[in-house]
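One-letter residues, chain by chain:
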Amino acid sequence: MAGDRIKPFGGGATGPGRRRRGVLILVATAMVTALLLGHRLIPNVRGLGSLIDTGAPFLGLGVPVLALAAALRRSRLALAAVAIPAVTWIVLFGTAWLPSGGGGPARLRVASQNLRAGNPDPAGTVAPLAAGGADLIALQEVTAEARVAVAAALRDRYPYQASVSTVGLWSRFPIRDETGVDTGLAWTRALRAVVAAPGGDVAVYVVHLGSARAGDTGTRDRTVHALAARLRADQAARLVVLGDLNTATTDRVIEPLTELLHDAQADAGRGPGFTWPAPLPLIRPDHVLYRGLTAVSAEVVRTSASDHRAVTAGFG
């Protein structure tokens, strides 16, 4: 019709309802940005701060939603505002996808796997790790039955073994000085062993820290601090921690450990390296931390019959 006009981007009605919706988009954009920048400032009451830290990388999912809402409102101001949380997310989390500082030949390859109690095929779970060339395989949630099956499967390639309770280490190189490590749980769920690796001895910790649940992270938090205290007192020049720490990389609770050790995934991997739950990983409770070595690679390996994927790293 002659009176009809095509409304330009940003035009159209400017009534109270439209303005209110535009303001809501701006407020939501500000909230997402504030959470991205300040999630670690939220008090960790009953594990709330820890939970938000863990989910912080997924705050970026709000950016395309806000951008779509701004486009539907045809608001240039709102679209420009959405660029702020987008850039913030890229700086904080997107850089994990950039090429890492790793590369070069590995003299020592390590792997860690939460085997899962009740695993129906533990030998099948560890098979890809052995096939991938790991020199050390650290396992958690190893039942008595699983230990027998794994030992049989790894006997030829990994003649050396250390185990305490439900954690174990299988090695191609000689092991000595194995001992349990008290992390403050009701039973010992960590060990330390010295491995005669290429280039010299390496102190290897295999660890399964306390569990964390929504509203109840106290046990996990105490075990993190107990492990950090043990590592702080350890005089080994070359040291690796392998295991299920029940603590995400973005969780503030892991800082006592990352202040002492480097993270192989951050130094030589690509992406966040999520490992749990195995079918569609959303967090990374499984870690390879180290000092006195140079990480040249870090990967996540899909294995069978476990609810965790495995983590691996290579050291030059």
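It should be emphasised that the depicted structure is a prediction, and the values quoted were computed from it without experimental measurement.

About the thresholds
Residues numbered from 1 in each chain as written. Predicted model: local features only at pLDDT ≥ 70, side-chain atom pairs only at ≥ 80, totals over all residues. Heavy atoms only, no water. Helix = DSSP H or I, 4+ residues; strand = E, 2+ residues; numbered from the N terminus. Contact = heavy atoms within 4.5 Å. Areas by Shrake-Rupley, 256 points an atom, 1.4 Å probe, with all protein chains shown as cover. Salt bridge = Lys/Arg side-chain N within 4 Å of Asp/Glu carboxyl O. Buried < 20%, exposed > 50% of the residue type's maximum accessible area, 1.4 Å probe, protein only. Axes fitted to C-alpha atoms, helices over the stretch in contact; angles between N-to-C directions. Parallel < 35°, antiparallel > 145°, perpendicular 65-115°, else oblique. Left-handed = near helix turned anticlockwise from the far one by under 90°. Nonpolar A, V, L, I, M, F, W, Y, C, P; charged D, E, K, R; others polar. Pairing = 2+ DSSP bridges. Core = buried A, V, L, I, M, F, W, Y, C linked by side-chain atoms within 4.5 Å. Arc of directions from axis to C-beta.

**Some thoughts on the overall build of the chain**
Here's step 1: Within the chain, the secondary structure is distributed over nine helices and twelve strands.
Here's step 2: Its C-alpha atoms give the chain principal-axis dimensions of about 90 × 40 × 40 Å.
Here's step 3: Long-range contacts, defined here as pairs at least 24 residues apart, represent 67% of the contacts in the chain between residues at least 6 apart.
Here's step 4: By element, 61% of the accessible surface of the chain is carried by carbon and sulfur atoms, the whole surface being about 14900 Å².

**Quick look at the pattern of salt bridges**
Here's step 1: For the structure on display, the rule yields eight salt bridges.
Here's step 2: The residue Arg 252 makes a salt bridge to Asp 53 at a minimum N-O spacing of 2.6 Å. Within this pair, whereas Arg 252 is found in the loop between β8 (239–244) and α8 (255–258), its partner Asp 53 is found in helix α2 (residues 48–55), the two being separated by 199 residues in sequence.
Here's step 3: Judged by relative accessible area, Arg 252 falls into the buried class, the value being 16%.
Here's step 4: The shortest N-O distance in the salt bridge between Arg 176 and Asp 201 comes to 2.4 Å. Separated by 25 residues along the polypeptide, Arg 176 in strand β5 (residues 175–180) and Asp 201 in strand β7 (residues 200–208) bring together distant segments of the chain.
Here's step 5: Judged by relative accessible area, which is 38%, Arg 176 ranks as partly exposed.
Here's step 6: According to the relative accessible area criterion, Asp 201 is partly exposed, its value standing at 36%.
Here's step 7: When salt bridges with common partners are traced through the structure, they connect Arg 176, Asp 177 and Asp 201 into a single cluster.

**So, the packing of helix α5 (residues 122–131) against helix α6 (residues 144–154)**
Here's step 1: Where α5 meets α6, the closest approach of the two axes is 9 Å, and the angle between their N-to-C directions is 40°. Classified by the angle between their axes, α5 and α6 sit oblique to one another. The way α5 lies across α6 gives a crossing that is right-handed. Between α5 and α6, the residues in contact are Pro 122, Ala 123, Val 126 and Ala 130 and Ala 146, Ala 149, Val 150, Ala 153 and Leu 154, respectively.
Here's step 2: Its residues assigned to classes, the contact of α5 with α6 shows nine nonpolar, no polar and no charged.

**Concerning the sheet that holds β8**
Here's step 1: In space, the six strands of this open sheet follow the order β5-β6-β7-β8-β10-β9, with mixed pairing throughout. Pairing within the sheet leaves two strands with one partner each, and these edge strands are β5 and β9 (262–263).
Here's step 2: Both β8 and strand β10 (residues 286–291) contribute to a ladder of six bridges, which runs antiparallel. Residue pairing in the sheet places Gly 243 in a bridge with His 287 of β10.

**Here we look at the side chain of Thr 125**
Here's step 1: Here Thr 125 lies in helix α5.
Here's step 2: Apart from residues no more than four positions distant in its own chain, Thr 125 is found in contact with Gln 113, Leu 115, Asn 119, Thr 303, Ser 304, Ala 305 and Ser 306.

**Looking at the pairing of strand β3 (residues 160–164)**
Here's step 1: With five bridges connecting them, β3 and strand β4 (residues 167–171) associate as antiparallel partners. The residue bridging Tyr 160 from the neighbouring strand is Ser 171, located in β4.

**Examining the nonpolar core**
Here's step 1: If you look at the biggest cluster of nonpolar residues, it comprises 28 residues, and the most contacted ones within it are Val 110, Leu 169, Val 195, Val 204, Val 240, Val 288 and Phe 315.
Here's step 2: When residues in this core are grouped by element, the largest group, four residues, is from strand β6 (residues 190–197).
Here's step 3: Beyond its immediate sequence surroundings of up to four residues, Val 110 is in contact with Ala 134, Leu 136, Leu 242, Val 288, Val 311, Thr 312, Ala 313 and Phe 315.

**Comments concerning unusual backbone geometry**
Here's step 1: Between Trp 276 and Pro 277 the backbone carries a cis peptide bond, its omega angle lying at -10°.
Here's step 2: Topologically, Pro 277 is positioned in the loop between α9 (264–268) and β10.
Here's step 3: For Asp 177, which is not glycine, the phi torsion reads 55° and is therefore positive.
Here's step 4: Structurally, the position occupied by Asp 177 is in strand β5.

**Concerning α2**
Along an α-helix, residues three or four positions apart point the same way, because every turn accommodates 3.6 residues.
Here's step 1: Residues of α2 that are buried include every one of Gly 49, Ser 50, Asp 53 and Thr 54, and no others. For α2, the arc enclosing every buried residue in end-on projection is 135°, short of the 170-degree limit, so these residues lie on one face.
Here's step 2: Looking at the packing, one finds that the buried side of α2 touches α7 (218–233).

**Some words on the packing of helix α3 (residues 62–73) against helix α4 (residues 76–92)**
Here's step 1: At a minimum axis separation of 9 Å, α3 and α4 run at an interaxial angle of 175°. Between α3 and α4, the interaxial angle falls into the category roughly antiparallel. Packed against α3, whose contacting residues are Val 63, Leu 66, Ala 67, Ala 70 and Ala 71, the element α4 presents Ala 78, Leu 79, Val 82, Pro 85 and Ala 86 at the interface.
Here's step 2: The class makeup of the residues in the contact of α3 with α4 is ten nonpolar, no polar and no charged.

**With respect to the sheet that holds strand β12 (residues 310–315)**
Here's step 1: Taken in spatial order, the six strands make up an open sheet running β3-β4-β2-β1-β12-β11, and their pairing is mixed. Only two strands of the sheet have a single partner each, and these edge strands are β3 and β11 (295–301). Neighbour to neighbour, the strand axes of the sheet diverge by 15° on average, direction disregarded.
Here's step 2: Relative to β12, strand β1 (residues 108–114) is paired through five bridges, and the arrangement is antiparallel. Within the sheet, the bridge partner assigned to Ala 111 lies in β12 and is Thr 312.
Here's step 3: Strand contacts of α6: β2 (136–140), β3 and β4, with the helix running at about 5° to β4, the strand carrying the most contacts.

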